[in-house]
Amino acid sequence: MNETLDPKRAAAALMEALAAAFADMAFIDVGPIGSEARPRGGGSRPRDEGAGAKIRAAIDVLRPLSCRIEIECPATLKARIEETLFMGESGKEEDSLLELLNVAAGLFLSAYFGPGTDIKLELPQYLFLSEGSEGDVLAEVEADAEGALLRAVLRTIRYRY
Amino acid sequence: MKSYGRVLIVDDSSTSRMIIQRCMQMAGIAVADYAFAENGLEALSALKGGTGIELVITDINMPKMDGRTFATVMKGDPALSGIGIVIVSSIADSALEAELRALGVLAVVKKPVSPAKMLQAMGGDR
């Protein structure tokens, strides 16, 4: 990776990008855990389901820097997104989380590096929960998606091109 | 605002195809019928099948044939070059946007799409 990211600024930009993507596409409020903007009863942490009930996805960024953005959330959040978007009409597995990640990645990179930056993304993909993560953590956020725990991690990735 | 007979939405994401269609409907853009394709190759096949498509709305980042290549091929084919293209993309690359506009695309819409963005792209004034 040729660029150095400011972890705090990157985490803030990632949180904003996730919030915008989830709000605009799935009508779900996402924000920092314990945020006053979205009060939650008793101040408890959002639900963190067991490993078998989680979904993990990643998108690799080729430009303006090499990195990977991963998100992890309960499968129930994905189901809720698809119920909202497809209103129960789909009846099959949809790719809503991948598209949310794709859009959030574009928003994050535009916010961090500025509008008009030359951006190249790979296609988003689901990851096995048992799959290890390569690279160092550059920034990490834990967000409250209306009661569900949404984790996002920005990692260094080196491509052999 | 112009109304359309058939609109082809090209995106590898089923979620994105559905959102684009819904935004067009919410914006009040009159479309008689929608067709769908998952990449540029499928879209070219649909267009060459003579299905009466009047407008194409396409993503950029897709497998098999991306939106940039698809738009270039389409605008280089005299039989297809008159069909309008609107690009929707999660990336906002000013050089790519300039290249696409030089090709003759009508508008470049940054994802997430919204009814207002689609209306503006179609030349609406609401």
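Numbers given to residues run from 1 along each chain, matching the order in which its sequence is written. A letter from A marks each chain and a number from 1 marks each ligand, given out in the order of writing. The model is predicted, so local features are restricted to residues of pLDDT at least 70 and side-chain atom pairs to those at 80 or more, both for listing and for counting; the totals for chains, interfaces and linings are taken over all residues. Hydrogens and water are ignored here; the side-chain numbers use all heavy atoms of the structure.

On to the overall build of chain B, then. Secondary structure elements are defined from DSSP: runs of H or I of at least 4 residues count as helices, runs of E of at least 2 residues count as strands, and each element is numbered from the N terminus. Per the secondary structure count, chain B includes 5 helices and 5 strands. Note on method: radius of gyration uses C-alpha positions; expected globular size equals 2.2 Å times residues raised to 0.38. Relative to its length of 126 residues, chain B is compact, with a C-alpha radius of gyration of 13 Å against a globular reference of 14 Å. The C-alpha extent of chain B, read off along each of the three principal axes, is 35 × 35 × 25 Å. Here's how the labels work: a residue is buried when its accessible area is under 20% of the maximum for its type, exposed when over 50%, partly exposed in between, all with a 1.4 Å probe on protein chains only. Relative to its 126 residues, chain B shows a buried fraction of 52%. Any two residues whose heavy atoms approach within 4.5 Å are treated as being in contact. Taking contacts inside chain B between residues at least 6 apart in sequence as the whole, the part at least 24 apart equals 68%.

This brings us to the overall build of chain A. A tally of regular secondary structure across chain A gives 3 helices and 7 strands. Residues classed as buried in chain A amount to 52% of the 161 residues present. Long-range contacts, defined as pairs at least 24 residues apart, comprise 69% of the intrachain contacts of chain A with a sequence gap of at least 6. Of the roughly 7800 Å² of accessible surface on chain A, 50% is carried by carbon and sulfur atoms. Here the accessible surface of atoms and residues is derived via Shrake-Rupley with a 1.4 Å probe, and residues count as covered only by protein chains that are part of the display.

What follows deals with helix α4 (residues 94-103) of chain B. Regarding α4 of chain B, its N-cap is Asp93 of chain B, as a side-chain oxygen of that residue lies 3.0 Å from the backbone nitrogen of Ala95 of chain B further along. Positive backbone phi, at 115°, marks Gly104 of chain B, one or two positions downstream of α4 of chain B. Counting of polar contacts relies on pairs of N or O atoms within 3.5 Å, with two restrictions inside protein: one atom must be capable of donating a hydrogen and the other of accepting it, and residues adjacent in sequence are counted only when both atoms are side-chain atoms.

Opposite the 23 residues of chain A that make contact, chain B presents 19 residues. Between chain A and chain B, the buried area comes to about 1700 Å², and carbon and sulfur atoms account for 53% of it. Just to be clear on terms, a salt bridge is a Lys or Arg side-chain nitrogen sitting within 4 Å of an Asp or Glu carboxyl oxygen. Taken together, the links from chain A to chain B amount to 1 salt bridge. Here Lys111 of chain B and Glu99 of chain A are joined by a salt bridge, their closest N and O atoms 2.8 Å apart. Taken together, the elements giving at least two residues each to the side of chain A that touches chain B come down to α1 (7-26), α2 (75-86) and α3 (96-113) of chain A. For the side of chain A that touches chain B, the element with the most residues is α3 of chain A, which contributes 7 residues. Gly is placed with the polar residues, together with every amino acid not listed as nonpolar (Ala, Val, Leu, Ile, Met, Phe, Trp, Tyr, Cys and Pro) or charged (Asp, Glu, Lys and Arg). For the side of chain A that touches chain B, the class distribution of residues is 9 nonpolar, 7 polar and 7 charged. Buried area: the sum, over both parts, of the accessible surface (1.4 Å probe) that disappears when the two are put together.

What follows is about the packing of aromatic side chains. Paired rings are identified among Phe, Tyr and Trp, the last through its six-membered ring, by centres lying within 6.5 Å, and are further divided according to the angle between planes into stacked (under 30 degrees), edge-to-face (over 60) and tilted (the rest). Going through the model one piece at a time under the given rule, you end up with 3 aromatic pairs over all chains. Judged by centre distance (6.4 Å) and plane angle (20°), the rings of Tyr34 of chain B and Phe36 of chain B are stacked. Judged by its relative accessible area of 13%, Tyr34 of chain B is buried. Of the residues examined, Phe36 of chain B reaches a relative accessible area of 41% and is grouped as partly exposed. Aromatic ring contacts, followed pair by pair, group Phe108, Tyr112 and Phe113 of chain A into a single cluster. The rule is short: NZ of Lys or CZ of Arg within 6 Å of the ring centre and within 35 degrees of the ring normal puts a charge over the ring. Just above the ring of Tyr112 of chain A sits the side chain of Arg9 of chain A; from NZ or CZ to the centre is 3.9 Å.

This paragraph deals with the environment of Arg101 of chain B. Residue and element names in this part refer to chain B. Inspection of the secondary structure assignment puts Arg101 in helix α4. Between the C-alpha atoms of Arg101 and Thr15, which are 86 residues apart in sequence, the distance is 26 Å. What Arg101 contacts, discounting residues up to four positions off in sequence, is Leu106, Ala107 and Val108.

We now examine the state of the cysteines. In this description, a disulfide is simply a cysteine sulfur pair whose atoms lie within 2.5 Å. Evaluated as defined, the whole model comprises 0 disulfides over all chains. With no disulfide of its own, Cys73 of chain A lies closest to Cys67 of chain A among cysteine sulfurs, the gap being 20 Å.

All right, on to the pattern of salt bridges then. All names here are of chain A. Counted according to the given criterion, the structure contains 15 salt bridges over all chains. Across the salt bridge formed by Arg56 and Glu70, the nearest N and O atoms sit 3.5 Å from each other. Residue Arg56 is located in strand β2 (residues 54-63), and its partner Glu70 is located in strand β3 (residues 67-74); the two are separated by 14 residues in the primary sequence. Residue classification places Arg56 among the buried positions, given a relative accessible area of 6%.

A separate point is the sheet that holds strand β3 (residues 55-58) of chain B. The strands making up a sheet associate through backbone hydrogen bonding, with each pair oriented either parallel or antiparallel. All names here are of chain B. Two strands qualify as a pair provided DSSP detects at least 2 bridges between them. With parallel pairing, the 5 strands of this open sheet are ordered in space as β2-β1-β3-β4-β5. Of all the strands in the sheet, just β2 (31-37) and β5 (107-110) have a single pairing partner and so form its edges. Each adjacent strand pair in this sheet contributes to an overall mean axis angle of 20°, direction not counted. Where helix α2 (residues 40-48) meets the sheet, its contacts fall on β1 (4-10), β2 and β3, and the angle it forms with β1 comes to roughly 155°. Simply put, an axis is a line fit to the C-alpha atoms, just over the touching stretch for a helix, and the angle between two N-to-C directions goes from 0 to 180 degrees.

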